[in-house]
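Descriptive structure summary
Each chain, letter by letter, is given below.
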Amino acid sequence: MIGVSLESVKYRFRQPVATAYGTLTEREVLRLELRRDGQTVGVGEAAPLVPYDGVTLDAVRDALSPALAGLPDDRAQWPDIELPQAAAALDMAWLDVRARRAGTPVAALRVAAPAESVPVNATIPDADRAGAARASRAAVNAGFRCVKLKVGIGDDAGRIAAVRAAVGRDVAIRIDANGAWRVAEAVAALSTLAPAGIELCEEPVHGAEALAEVREQLDGAVPIAMDETARNPGAVDSGACDFVCLKVAACGGITGLWAAADAAKGAGSRVYVASTYDGPVGIAAGLQAAGALGDLPFCGLATLALFADVEDPFPVREGRIAVPAGPGLGV
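This report concerns the structure included in the present document. (Residues numbered from 1 in each chain as written. Predicted model: local features only at pLDDT ≥ 70, side-chain atom pairs only at ≥ 80, totals over all residues. Heavy atoms only, no water.)

**Considerations on the overall build of the protein**
Stated formally: Secondary structure elements follow DSSP: runs of H or I of four or more residues count as helices, runs of E of two or more count as strands, with numbering from the N terminus. Radius of gyration means the value over C-alpha atoms here, while the globule rule gives 2.2 Å times the residue count to the 0.38 power. Positive charge is attributed to Lys and Arg, negative charge to Asp and Glu, and no charge count is given to His or to the chain ends. We put the charge of a Lys on NZ, of an Arg on CZ, of an Asp on CG and of a Glu on CD.
Along the backbone of the protein there are 9 helices and 13 strands. The C-alpha atoms of the protein give 19 Å as radius of gyration, which agrees with the globular expectation for 331 residues (20 Å, within 12%). With 31 positive and 41 negative side-chain charges, the protein shows a spacing of 5 Å between the two charge centroids.

Set out below in structure tokens:
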């Protein structure tokens, strides 16, 4: 039998992160360990975020409770966990076990030659013009070629104009509305923001049909990405958006993310990988997932630096993070 343990880990943001679904000041995740003969053989992470996905830590604990008594060595005999954020922790841990046994990184379980690194955007938490411009300029000076701002939170046009002036025309600006608008509001807002040069907007509205309508009305002025809507059945392969943003927790693990990526690509959408302010294990899983997917646009995996009390084991160099090359997840 394989022993299973769960530990709550809490992180504090260096500064509040304002989003359309509320302001975040701290983040709590569950770290899962698989142990055999007193040794850790695999790790995973459950990272629900109530204002984002409506899933509580207690719900994850309950979903994982059948596994806490121990798991058989045969993966096929493990309990079926339906809650994606809980299933993700077990999936990460199992792939960590497999890859450690094989002496390869998890990404190499899918492709023979994973990417050595993935491009990442800088997340700009500042909600005011001067702060956002200052943080964006610092990110570019540090080597980032894409900055991401939340929108639907106030002075979007002024803040984006200030950022564009600060970073120049060669740096990509990605924006994320977290479904703050209705279709007409989204079209009006994005039409106003388009002259600033927007790489893409994540989740301007919720729902595949609404996203497709926004995309059609904008006619390429601002490319549209699906984020929260990707959790809905049939959404990722709907072809509703130019891009699909995939997250390990929402996909039920790395295995689920790879399947979703295949479905989205088959429908004509490009994909990229992001986190929901995950901890180090979740970021490692995101890097391994992205490393197996080939050439991606900027991924949202450079978020550990937003925390005040965690050492970032995956530093950004020239706008990229290396995919851990050691056995397993690389944590």
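The discussion continues.
**Details of the environment of A305**
Quick note on the threshold: Throughout this description, buried means an accessible area under 20% of the type-specific maximum (1.4 Å probe, protein chains only), exposed means over 50%, and partly exposed covers the range between. Whether two residues are in contact is decided by their heavy atoms: any pair within 4.5 Å suffices.
In this structure, A305 sits in the loop between helix 9 (280–291) and strand 12 (316–317). With relative accessibility at 45%, the residue A305 sits in the partly exposed group. Between the C-alpha atoms of A305 and A235, which are 70 residues apart in sequence, the distance is 31 Å. With sequence-adjacent residues up to four places away left out, A305 is seen in contact with R14 and D312.

**Examining helix 7 (residues 208–218)**
Our working definition: For this quantity, the arc is that covered by the directions from the helix axis to the C-beta atoms.
A210, L211, V214 and L218 are the residues of helix 7 that are buried. Buried residues along helix 7 cover an arc of 100° about the axis, so they all sit on one side. Residues of helix 7 that are exposed and point more than 90 degrees away from the buried face comprise E209 and E216. Where helix 7 is buried, its residues touch helix 6 (183–193) and strand 9 (224–226). Two residues or fewer after helix 7 comes D219, characterised by a positive phi angle close to 50°.

**Things to note about empty space enclosed by the protein**
Rolled over the atoms, a probe sized like a water molecule indicates the empty space that remains. Applicable threshold: Method remark: on a 1 Å grid restricted to protein atoms, a set of points is classed as a cavity if a 1.4 Å probe fits but cannot get out and as a pocket if it is open with protein on both sides within 12 Å along at least five of seven lines; lining residues have an atom within 4 Å of a point. Grid points are joined across faces, edges and corners, and a volume is the space filled by probe spheres set on the points. Side-chain classes are defined by residue name, with Ala, Val, Leu, Ile, Met, Phe, Trp, Tyr, Cys and Pro counting as nonpolar, Asp, Glu, Lys and Arg as charged, and the others, Gly among them, as polar.
Counted under the stated rule, the structure contains 1 cavity of 30 Å³ or more. Its volume calculated, the largest cavity comes out at about 120 Å³. Every residue lining the largest cavity is counted, 15 residues in all, and those nearest its centre are K148, K150, K247, S275 and Y277. A per-class count over the lining of the largest cavity returns 4 nonpolar, 6 polar and 5 charged.

**Side note on the side chain of E228**
To keep it simple, the criterion reads: The rule for a salt bridge is simple: a side-chain nitrogen of Lys or Arg has to be within 4 Å of a carboxyl oxygen of Asp or Glu. For the purposes of these results, a polar contact is taken to be a pair of N or O atoms within 3.5 Å, where, inside protein, one atom must be able to donate a hydrogen and its partner to accept one; residues adjacent in sequence count only when each atom of the pair is a side-chain atom.
Tracing the chain through its elements places E228 in the loop between strand 9 and strand 10 (243–247). Comment: no salt bridge for buried E228; closest opposite-charge side chain is R231, at 5.9 Å. Within the local environment of E228, its side chain forms a polar contact with the side chain of N178, the two groups lying 2.8 Å apart. Setting aside chain neighbours within four positions, we find E228 in contact with Y52, N178, E203 and H206.

**Topic: the packing of aromatic side chains**
In plain terms, the rule: Working definition: rings of Phe, Tyr and Trp (its six-membered ring) pair if their centres are within 6.5 Å, and the pair is stacked with planes under 30 degrees apart, edge-to-face with planes over 60 apart, and tilted otherwise. Counted as over-ring charges are cases with an Arg CZ or a Lys NZ within 6 Å of the ring centre that also lie within 35 degrees of the ring normal.
In the structure shown here, the tally under the stated rule is 6 aromatic pairs. Look at F13 and F307: their rings are 5.0 Å apart centre to centre, the planes differ by 45°, and that puts the pair in the tilted class. Separated by 294 residues along the polypeptide, F13 in strand 1 (residues 3–19) and F307 in the loop between helix 9 and strand 12 bring together distant segments of the chain. Like F13, the residue F307 is buried in the burial classification. Joined through ring pairs, the aromatic side chains of Y11, F13, Y277 and F307 make up one cluster. A cation over an aromatic ring shows up here: R174 above the ring of Y272, its NZ or CZ 4.3 Å from the ring centre.

**Some details on the environment of A130**
Within the element layout of this structure, A130 appears in helix 4 (residues 129–141). Sequence separation between A130 and A212 is 82 residues; the distance between their C-alpha atoms is 34 Å.

**Quick look at the nonpolar core**
The line we're drawing: Nine residue types can take part in a nonpolar core, namely buried Ala, Val, Leu, Ile, Met, Phe, Trp, Tyr and Cys, and a core is a set of them joined through side-chain atoms within 4.5 Å.
Core analysis: the biggest nonpolar cluster contains 99 residues, and I160, I175, L190, V214, I254, Y277 and L329 have the highest contact counts within it. With 7 residues, the top contributor of residues to this core is helix 9. If near-sequence neighbours (up to four positions away) are discounted, L329 is found in contact with V43, M92, D96, V106, I254, V281, A284, A285, Q288 and P324. Judged by nonpolar contacts, the second largest core, of 23 residues, contains L30, A86, W94 and V97.

**A look at unusual backbone geometry**
The phi dihedral of D37 falls on the positive side, at around 55°, and the residue is not glycine. By the element assignment, D37 lies in the loop between strand 2 (22–36) and strand 3 (39–46). Taking relative accessible area as the criterion, D37 reaches 75% and is therefore assigned exposed. Unlike most non-glycine residues, D219 shows phi in positive territory, near 50°.

**Description of the sheet that holds strand 2**
As a reminder, the rule being used: Strand pairing is defined by DSSP finding a minimum of two bridges between the two strands. In this analysis, axes come from line fits to C-alpha atoms, helices being fitted only over the stretch in contact, and the angle between any two N-to-C directions falls in the range 0 to 180 degrees.
With respect to topology, 3 strands assemble into an open sheet ordered 1-2-3, the strand pairing being antiparallel. The open sheet has two free edges, formed respectively by strand 1 and strand 3, since each of these has just one partner strand. On average, each strand axis in the sheet is tilted by 25° relative to the strand beside it, whichever way the strands run. The strands that helix 2 (residues 57–64) touches are strand 1, strand 2 and strand 3; relative to strand 2, the one it contacts most, it runs at about 15°.

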